[in-house]
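A structural walkthrough
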Amino acid sequence: MDLKDVLQFTRKMIDTVGGVPAHLFRPDEDQWNSIDLYLRKMLDPDFDYEGYFGKYMMNMEEKVFYLLLDNFSIYYSFLKLPQESNSTYMIIGPYLIEKPDEMFYTKVIAQNQLTDNTMTALKNFYSVLPIGDHAKVISAFNILVSFLYSKEEECRIEFLEDQKRQPILESFVPDPDMYFSIHLIKERYDKENELLNAVKKGNQEAAVIAYHDFLSFQIAPRDKDPLRDRKNLSFVLNTLLRKACETSFVHPVYLDEVSRQYALKIESAISTKQLENLNLEMIRKYCILVKNKSLRNHSPIIRKTVDYINLNLSSPLGLKDLANLFNVNHSYLSTLFKKEIGETLTDYVNKQRINAALKLLNTGYMQVQDIAYYVGISDVNYFSKLFKKQVGDTPSGYWKKIQKTDPPK
């Protein structure tokens, strides 16, 4: 693993395990105001970032963890990287170590000589900062150092604190419409869009990664009951995922079924941990739905044909039936269907009917002839022949295997 891969791996690990953002920083290329997520720039467009943070960073040494507590009671962790690295520092943060209360905000306002009018705006900013754990941060740094340097070399920790506590502005009255979290909200929405775009493509791995990135932005509670608050967020996620799938041309019938199932699961959840697991399960389920049911890359006539077949298996679904239904030439429909779906229309219809029959055999106690009729095949012998060709066993033989008894007469 080369140095670039090591740094990216560690950055992701800190973000996932420690729950705090980590990024690589070069003073000569990167924006200084990104270090505190533009907090001071929003307060004072002319704030000297390089002068403030640079006074700490210019004297930093390698193999030292620097933990900085600034005059807004926000923590940052720094590690100076080896010269051969493309970046100069790895910076973790900004983050808090405890959830802010009213005393916290009062203290921050007093330390920076801000007005009480800033309280609401500050709460918006702090609400999206993650709650970090120094032990996890330092543990992650130690892993990084073990890659960068030989094991016998020791590393130390140095705590930094802004002792001056100078106000950022002598007097500041924010515009009522100004919120310090504007930049953070944009970043959170960007991560949300990454998640939804991954779901639209049915990419489970990318969707789960984007979801974990999105979780690093805390959302201010909107309900006093933590469980109720998390349930509300899960309901919102369910809706967003459903809409993302809809844009990938997944039929609403399938979406409604999945959405309804998870709405019930969310409401019956008894812990935030259970909700977290449900959210991940829900993301994977919607991705699978896109993978299996999306008609995004197909022509409108094929979308209509496939949707009609899947939703009307008990109806006549011959080539001429469907061509007449959609008012197209049957030869044209046959050629286009084979080109876009990769199999003949007849083979596709038969496969969908047998898949539906499998579900009925797995979940119910219907007689074989009733199942055949339900999926649109009136000839039981022909149904059994198709079933054995696709499944490798007769309907009765399959039922015996899964139920370990004879099928109902």
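Computed from a prediction, not measured in an experiment: that's the story for all the values here.

It is worth spelling out the pattern of salt bridges at this point. Summed over all chains, the structure comprises 10 salt bridges. Ionic pairing is found between D36 and R40, a salt bridge with its closest N-O pair at 2.9 Å. R40 carries the same exposure label as D36, and that label is buried. Several salt bridges share partner residues, and in doing so they unite R26, D28 and E29 into one network.

Let us now look at the nonpolar core. Core analysis: the largest hydrophobic core is formed by 34 residues, its most contacted members being F53, M57, I74, F78 and Y126. Among the secondary structure elements, those contributing two or more residues to this core are α2 (39-43), α3 (49-57), β2 (64-69), β3 (75-80), β4 (89-95), α4 (102-111) and α5 (119-126). Here this core gets 5 residues from one element, more than from any other, and that element is α3. Once residues within four sequence positions are removed from consideration, M57 is found in contact with F25, W32, I35, F78, Y89 and I91. I301, F337, Y348 and L360 belong to the second-largest nonpolar core, a separate cluster that totals 32 residues.

Let us look at the environment of Q367. For Q367, the position within the fold is in the loop between α15 (345-363) and α16 (368-374). The sequence separation of Q367 and P395 amounts to 28 residues, and the corresponding C-alpha distance is 9.8 Å.

Enumeration according to the criterion identifies 17 aromatic pairs in this entry. Residues Y75 and Y95 carry aromatic rings whose centres are separated by 6.1 Å and whose planes lie at 25° to one another, so their mutual orientation is stacked. Of this pair, Y75 sits in strand β3 while Y95 sits in strand β4; the two residues are 20 residues apart in sequence, bridging distant segments of the chain. Take Y75 and Y95: they sit in the same class, and that class is buried. Geometrically, the ring pair formed by Y105 and Y126 is edge-to-face, given 5.8 Å between the ring centres and 65° between the ring planes. Here Y126 lies in helix α5 and Y105 lies in helix α4, a separation of 21 residues in the sequence. Neither Y105 nor Y126 differs from the other in exposure class; each is buried. Cluster of aromatic residues (ring-pair linked, three or more members): F47, Y49, Y52, F53, Y56, Y76 and F78.

A word on the side chain of S234. Here S234 is to be found in helix α9 (residues 226-246). Here S234 falls in the buried class, since its relative accessible area comes to 2%. Those residues within four positions of S234 in sequence are excluded, and the remaining contacts are I266, L275, N279 and M282.

Attention shifts here to the side chain of E192. If you trace the backbone, E192 turns up in helix α7 (residues 182-200). In this structure, E192 is in contact with F214 and L240, ignoring residues within four places of it in sequence.

Okay, the environment of M13 next. Of note, M13 is situated in helix α1 (residues 3-18). The spatial distance from the C-alpha of M13 to the C-alpha of V137 is 9.9 Å, given a sequence separation of 124 residues.

In this section: unusual backbone geometry. What is expected of a backbone is that most residues other than glycine have negative phi and most peptide bonds are trans. In this chain, G93 is followed by P94 through a cis amide linkage whose omega measures 5°. Positioned with a positive phi, Q113 is a non-glycine residue whose angle comes to about 50°. Relative to the helices and strands, Q113 resides in the loop between α4 and α5. Q113 gets classed as partly exposed once you look at its relative accessible area, which sits at 44%. One non-glycine residue, F249, adopts positive backbone phi at about 60°. Looking at the element boundaries, F249 is found in the loop between α9 and α10 (252-268). For F249, a relative accessible area of 38% puts it in the partly exposed group.

A word on the confidence of the model for the protein chain. Confidence in the prediction of the protein chain, expressed as mean pLDDT, is 81, and 87% of residues score 70 or more. This stretch, residues 165-182, has a pLDDT under 50; its non-local contacts, to residues over four places away or in other chains, come to 47 contacts.

On to the packing of α15 against helix α17 (residues 380-391). Where α15 contacts α17, the axes come no closer than 10 Å and their chain directions differ by 90°. On the basis of their axis angle, the class for α15 and α17 is roughly perpendicular. From α15, N350, K351, I354, N355, A357, L358 and L361 reach across to α17, where they touch Y382, F383, L386, F387, Q390 and V391. For the contact of α15 with α17, the class distribution of residues is 9 nonpolar, 3 polar and 1 charged.

This part takes up the sheet that holds β3. The 5 strands lie next to each other as β1-β4-β3-β2-β5, forming an open sheet whose pairing is mixed. For this open sheet the edge positions go to β1 (22-25) and β5 (156-161), each flanked by a neighbour on one side alone. Each neighbouring strand pair of the sheet contributes to a mean axis angle of 25°, computed without reference to strand direction. As paired strands, β2 and β5 are joined by 6 bridges and run parallel to one another. When the bridges of β5 are listed, F65 appears paired with I157. In this fold α3 packs onto β1, β2, β3, β4 and β5, with an angle of close to 50° to the strand it touches most, β3. Along the sheet, helix α6 (residues 134-148) makes contact with β2, β3, β4 and β5, crossing β3 at roughly 10°.

About the cut-offs
Residues numbered from 1 in each chain as written. Predicted model: local features only at pLDDT ≥ 70, side-chain atom pairs only at ≥ 80, totals over all residues. Heavy atoms only, no water. Salt bridge = Lys/Arg side-chain N within 4 Å of Asp/Glu carboxyl O. Buried < 20%, exposed > 50% of the residue type's maximum accessible area, 1.4 Å probe, protein only. Core = buried A, V, L, I, M, F, W, Y, C linked by side-chain atoms within 4.5 Å. Helix = DSSP H or I, 4+ residues; strand = E, 2+ residues; numbered from the N terminus. Contact = heavy atoms within 4.5 Å. Phe/Tyr/Trp six-rings, centres within 6.5 Å; stacked < 30°, edge-to-face > 60°. pLDDT = per-residue confidence, 0-100. Axes fitted to C-alpha atoms, helices over the stretch in contact; angles between N-to-C directions. Parallel < 35°, antiparallel > 145°, perpendicular 65-115°, else oblique. Nonpolar A, V, L, I, M, F, W, Y, C, P; charged D, E, K, R; others polar. Pairing = 2+ DSSP bridges.

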